[in-house]
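An overview of the molecular structure
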Amino acid sequence: MVRDRTASALCAAAVALLAGACGGAPKAVPHMTAADVVGRWTSDCGSTLTVEADRSFTVRDFPVDYALVSGTVKRLPAGHGTWYLYAGAGATPQTFDLKIGEEFYDLDYVRRGDSIALRTVLGDPGDNRWCEFSRRSRA
């Protein structure tokens, strides 16, 4: 019993030291609202996304798939549709969802310093290829 408590205390101390060495635990992404996503977003892959308060949006060069063999990104040259905030449940995180025609595309929220970015996976999620959108201005 004493050995278990000692091991637990040592593990807790190691976690605290590692967290301190790494700048502490990462800040959680806050619950996002409509006001948090309205505005113009640009991506690191050359796309733009304009989100309106009336739940409509327009995109240019939106990435929808990635071919690992050729290294090419399949894009929608332009599109518009309706956006949704998916609340998430349990271990499933909240997402920002775009509906273009009959297709849905979900974007994850990620923290970048003191701001939030939107990120969409390119191709297989296991390949860790992403297109990340940051907001340049608020509407």
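Since the model is a prediction, treat every value here as computed from it, not as a measurement.

A few words now on the pairing of strand β5 (residues 95-100). Burial of β5 is extensive: 5 of the 6 residues sit out of reach of the surface. The pairing of strand β4 (residues 72-86) with β5 spans 5 bridges and is antiparallel. From the neighbouring strand, Leu85 faces β5, where its bridge partner is Phe96. Bridge analysis of β5 against strand β6 (residues 103-112) gives 6 bridges, and the strand direction is antiparallel. Across the sheet, residue Asp97 finds its bridge partner in β6, namely Asp106. With antiparallel pairing between neighbouring strands as the criterion, β5 and β6 make up a hairpin whose turn holds 2 residues, including Gly101 at a positive phi of roughly 65°.

Tracing the backbone shows Ser43 in strand β1 (residues 39-43). Under the relative-accessibility criterion, Ser43 is labelled buried at 15%. Within polar-contact distance, the side chain of Ser43 engages the backbone nitrogen of Gly46 at 3.2 Å. Of note is the side chain of Ser43, whose polar atom sits 2.8 Å from the backbone nitrogen of Ser47. Residues within four places of Ser43 in sequence aside, it is in contact with Cys131, Glu132 and Phe133.

Of note, the phi angle at Asp61 is positive, near 55°, even though the residue is not glycine. Among the structural elements, Asp61 can be located in strand β3 (residues 56-67). With relative accessibility at 34%, the residue Asp61 sits in the partly exposed group. Phi at Asn128 is positive, roughly 55°, even though this residue is not glycine. Relative to the assigned elements, Asn128 resides in the loop between β7 (115-121) and β8 (130-138). For Asn128, a relative accessible area of 57% corresponds to the exposed category.

Judged by nonpolar contacts, the single largest core of 23 residues is most densely connected at Leu49, Trp83, Phe96, Leu98, Leu118 and Phe133. A total of 4 residues in this core trace back to one element, the largest contributor, which is β3. Ignoring any residue separated from it by four or fewer positions in sequence, one finds Trp83 in contact with Ala34, Val37, Val38, Val51, Glu52, Arg55, Ser56, Phe57, Phe96, Asp97 and Leu98.

Conventions and cut-offs
Residues numbered from 1 in each chain as written. Predicted model: local features only at pLDDT ≥ 70, side-chain atom pairs only at ≥ 80, totals over all residues. Heavy atoms only, no water. Buried < 20%, exposed > 50% of the residue type's maximum accessible area, 1.4 Å probe, protein only. Helix = DSSP H or I, 4+ residues; strand = E, 2+ residues; numbered from the N terminus. Pairing = 2+ DSSP bridges. Polar contact = N/O pair within 3.5 Å; in protein donor to acceptor, adjacent residues only side chain to side chain. Contact = heavy atoms within 4.5 Å. Core = buried A, V, L, I, M, F, W, Y, C linked by side-chain atoms within 4.5 Å.

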